[in-house]
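If you want the building blocks of each chain, they are given just below.
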Amino acid sequence: MMLFLSALLVGTIVGLLPGIGLFSAMVLLYPFLLPLPPIDILIFYAVMAGTSQFTGSITACVVGAAGEPSSIPATKEGPLLFARGLGPLAISTTAIGSFIGTIIVASILLLTIDHISAFVGNFYNNNIQTALFVTVMIIIVMAGSNKFIVNLLYAIIGASLANIGLQRYTSEPITFGISAFSNGIPFVALAIGLYSLPQVLRAFSLVDFKLLQSASNTTVSSIKESLIAVKENIAAALRGSAIGMFAGLVPGLTTILASNFSYIVEQFIRKRKQVYNENGDMACLISAETANNSGQLTSMLPLMIFGIPIVGSEVIVLDLIERGGTQVSLNTLLAGGMFQTVAMYFILGGFVSMFIAWQGAKLLTKIYKIPKNFLVTFLVIISSVSVYLFEADSNNQLFNCLCFATCLGFGYLLRKTDTSVILFSFLIYPFMEFSLVRFYAIHFS
Amino acid sequence: MKTLLLTLLLCLVNATSFAIDKSVEIIVPTKTSGTGYDIAVELKPLLEKRGYTVNLVMSGTCTKAQSDFYSTSKQSTLLLFNAWSALPECDKSIPTNASWVANLVTGPAMICGKPGKDNLGIIKRKEVVTIASTSVYAPSIVKSLNPNFKYVPYPESGGTVRGFTAGDTEFIITNMIRSTKLMKDGIADCFVVTGREAINGVQPATKLFPQWKYNLLELNLALMQRNMPRDISEQFTKDIRELLVTPEWRAFADRNGYTINQTMTSDQYNNSLLLWGRD
């Protein structure tokens, strides 16, 4: 019980405070988790990670600051919905949507766990991976909010930026002779500087700030009101769950791809139907937030089945488990119903987190009582701190801040366009290139 | 009284000047995952137990780590991988007798194929087959065993395992920890290990492939230091070598399929780089 509550508490903090990721949290808690048996470590991690996805949406929606990169869609839609007086409803509906995603994916996995190993194994077949990344890249270019030619240009810019510092097998990485570039451009600096912060500042400049302040006086929306909103957007939630479930398996991207890709798909669908609301779209927000919750559990599958971590924080989970003498494999996962227990706690954690997010939003909306100029300054400071703290042990803080300042300048210049295409292309390009290189090596060399 | 105070003051000054500065920076050429990270987080608490203040710098790449190492004014150590020191962009981190601290762990490579197949025969017959590998094992290394290997590159060892399991390739070359897991799960038949000794029933490459240029290939992970005065450097080296024979370090090595060769010299380490020579 204490373990479950601790995981909820840590997950809440990780989600609410931009800059603290799951990895940093696991590093800080390492000595405390070390004596625990494998099942407890997995429960702790699953509940903490799940909760952080719930509470991360609040900070993103309320103040437009992304606690995790997976909350980037919420930084765009959230403040706009708040400005329309729909903030509390957005938070509660998103929380319920996220819980739906949690239940759907956990149920599917619980029902199919005996057969899931073959599926997860085959998912990493290079032919499937190549098709997946090429399709995602095409959808990003086709479905972005800008004109096709601008999307294409942005995708090329994103891919070019991703090439800096990219470690290949045949040639030295492009660094322009500056060693800091050997790690590439820091994603957090690019994401916050080029996209999140300029978008939020633009939203603040467009909306009536007095309306935002009046939103802070509203109470949390009722269960009935929220359930009606969920019912209206159930198709978006189901689409988000499905996309999130598969995207969560993509190494290195997991929930980031889950939320951002489902957001783009939902935006595309709604624009085709001419129902997308430029002033904050609830369906897109729900789809993205549902996707990251369903992606969170599937992202743990390769770790639990093959003992292969696919994100940094899972490396620490694996280390903690193996240090205790347990070799992680499908057999250990199925023995004694280990997976079933983890999945049940994940659902329980999701249920409690739904209420934490609901009530937590009420407190955070008070932030709009702060005068606009102070709030903007606060946002810039919080964003700068996030960038500064990103990979703080890499000796790269000054470089990260310089990248952030540069990206912010470009983000401001391009603020009237959808720069998220650059971000997605930046994220996807290395995976696409490597899978294409392997495709060529396997079939044509 | 004055004499007593003066004596006390002198003692204090002496004690301060003779106290060893036990702060040390460990510069790691990987991000917060992978072998380098594992080694660094294992090493840190063991050094702290010996009174050191340790700051880990996760530089991310060997080029950045080299740059951090040679630009810092702090007492600093660099985690070396012999496989990387052989790369042209990382060839500045070659230890000398003076900068050498110790070799921390050594690990061989294993080659595995699909269970139930004549994997050894396939390679000896030099059939056209695919092999999954990370950039650590360059194409020249695997192709010198079988020129008809189709080299399929992955960014990290976890990727090679995922690709091999999903049916991308027929063979995989990887480290002990990955191959042991593949064998235990019945996913792979690991049939050759680099070196002179059989490990877990797997035959050594010197016996199966005596003509293979890289049959003694081993990954060495070592430490070199900079900015340490001689007395501190000597004490640090002594502490590290003592640490390598502790039960904690042995348990870590066993868990990850490494062996420990704490007596390795800088010359022996530098000779091991030749094995990783690239085209």
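Residues numbered from 1 in each chain as written. Chains lettered and ligands numbered in written order. Predicted model: local features only at pLDDT ≥ 70, side-chain atom pairs only at ≥ 80, totals over all residues.

A. Spatial organisation of the overall build of chain A. When you go through chain A residue by residue, the secondary structure sums to 20 helices and zero strands. Every one of the 445 residues in chain A was classed for burial, and the buried ones make up 55%. Of the contacts formed within chain A by residues at least 6 apart in sequence, a portion of 79% connects residues at least 24 apart. (Helix = DSSP H or I, 4+ residues; strand = E, 2+ residues; numbered from the N terminus. Buried ≥ 20, exposed ≤ 12 C-beta atoms within 10 Å, placed from the backbone. Contact = placed C-beta atoms within 7 Å.)

B. Here's a closer look at the overall build of chain B. When its secondary structure is counted, chain B shows 12 helices and 10 strands. Expressed along its principal axes, the backbone C-alpha trace of chain B runs to roughly 90 × 35 × 30 Å. Expressed as a percentage of the 279 residues in chain B, the buried residues total 46%. Partitioning the intrachain contacts of chain B with sequence separation of at least 6 by distance along the chain shows that 66% fall at a separation of at least 24.

C. Main features of the interface of chain B and chain A. Chain B puts 33 residues into the contact, and the matching count from chain A is 34 residues. Residue assignment for the side of chain B that touches chain A shows that the elements contributing at least two residues are β2 (53-58), α3 (62-71), β6 (149-154), α7 (157-165) and α8 (176-184) of chain B. The dominant element in the side of chain B that touches chain A, judged by the number of residues it contributes, is α7 of chain B, at five residues. Tallied by class, the residues present in the side of chain B that touches chain A amount to nine nonpolar, 13 polar and 11 charged. (Nonpolar A, V, L, I, M, F, W, Y, C, P; charged D, E, K, R; others polar.)

D. Broad picture of the domain arrangement of chain B. Residues and elements named next belong to chain B. You can read the domains of chain B as domain 1 (20-107 + 218-275) and domain 2 (108-208). Just the C-alpha atoms count here: the centres of domain 1 and domain 2 sit 28 Å apart. At the interface, seven residues of domain 1 touch nine residues of domain 2. For the side of domain 1 that touches domain 2, the class distribution of residues is two nonpolar, four polar and one charged. (Domains from an automatic or database assignment.)

E. Spatial organisation of the packing of helix α7 (residues 148-163) of chain A against helix α20 (residues 420-443) of chain A. All names here are of chain A. For the pair α7 and α20, interaxial distance at closest approach is 7 Å and the crossing angle is 50°. Judged by the inter-axis angle, α7 sits oblique to α20. For the element pair α7 and α20, the recorded crossing hand is right-handed. Contacts between α7 and α20 involve Asn151, Tyr154, Ala155, Ile157, Gly158, Ala159, Leu161 and Ala162 from the former and Val421, Ile422, Leu423, Phe424, Ser425, Phe426, Tyr429 and Pro430 from the latter. Of the residues in the contact of α7 with α20, the class split is 13 nonpolar, three polar and no charged. (Axes fitted to C-alpha atoms, helices over the stretch in contact; angles between N-to-C directions. Parallel < 35°, antiparallel > 145°, perpendicular 65-115°, else oblique. Left-handed = near helix turned anticlockwise from the far one by under 90°.)

F. Local environment of the pairing of strand β5 (residues 129-134) of chain B. Residues and elements named next belong to chain B. In terms of burial, β5 is largely enclosed, as five of its six residues are buried. When β5 meets strand β7 (residues 171-175), the two strands line up parallel, connected through two bridges. Looking at the pairing, Ile131 lines up with Phe171 of β7. (Pairing = 2+ DSSP bridges.)

G. The environment of Ser179 of chain B, seen in detail. All names here are of chain B. Among the structural elements, Ser179 can be located in helix α8. For the pair formed by Ser179 and Cys190, sequence separation is 11 residues and the distance between their alpha carbons is 6.9 Å. Sequence-distant contacts of Ser179, defined by excluding residues within four places in its chain, comprise Met110, Cys112, Thr174, Ala188 and Cys190.

H. Quick peek at the confidence of the model for chain B. Averaged over every residue, the pLDDT of chain B is 87; residues scoring 70 or more account for 91%. Two summary scores accompany this predicted model of the complex, namely pTM at 0.78 and ipTM at 0.84. (pLDDT = per-residue confidence, 0-100.)

I. The arrangement of helix α13 (residues 282-298) of chain A in detail. Taking 1.5 Å of rise per residue, the 17 residues of α13 of chain A would be expected to cover 24 Å, and the 25 Å separating its terminal C-alpha atoms lies within 8% of that figure. Of all 17 residues that make up α13 of chain A, 17 are buried, and the element is covered over most of its length. (Expected span 1.5 Å × (residues − 1).)

J. Highlighting α8 of chain B. When α8 of chain B is considered as a whole, its buried residues turn out to be Met176, Arg178, Ser179, Thr180, Lys181 and Leu182 of chain B. Count one or two residues on from α8 of chain B and you reach Gly186 of chain B, which has phi positive near 70°.

K. Highlighting unusual backbone geometry. All names here are of chain B. Of note in the backbone geometry, Lys126 takes a positive phi value of approximately 55° without being a glycine. For Lys126, a count of 12 C-beta atoms within 10 Å gives the class exposed. Even without being glycine, Asn227 reaches a positive phi, approximately 65°. For Asn227, the location among the structural elements is in the loop between β10 (218-226) and α10 (230-243).

L. Structural context of the environment of Asp38 of chain B. Residue and element names in this part refer to chain B. Mapped onto the elements of the fold, Asp38 is located in helix α2 (residues 34-49). Take Asp38: there are 20 C-beta atoms within 10 Å of it, and that puts it in the buried class. Along the backbone, Asp38 and Ser266 are 228 residues apart, and their C-alpha atoms lie at a distance of 23 Å.

M. Fine view of the packing of helix α6 (residues 126-143) of chain A against helix α12 (residues 254-272) of chain A. All names here are of chain A. Remark: α6 packs on α12, axes separated minimally by 10 Å, with the N-to-C direction vectors making an angle of 45°. Taken together, the axes of α6 and α12 lie oblique to each other. Handedness of the crossing formed by α6 with α12: left-handed. Where α6 approaches α12, its residues Val136, Ile139, Ile140 and Ala143 are matched on the opposing element by Phe261, Ile264, Val265, Gln267 and Phe268. Looking at the contact of α6 with α12 residue by residue, the class counts come to eight nonpolar, one polar and no charged.

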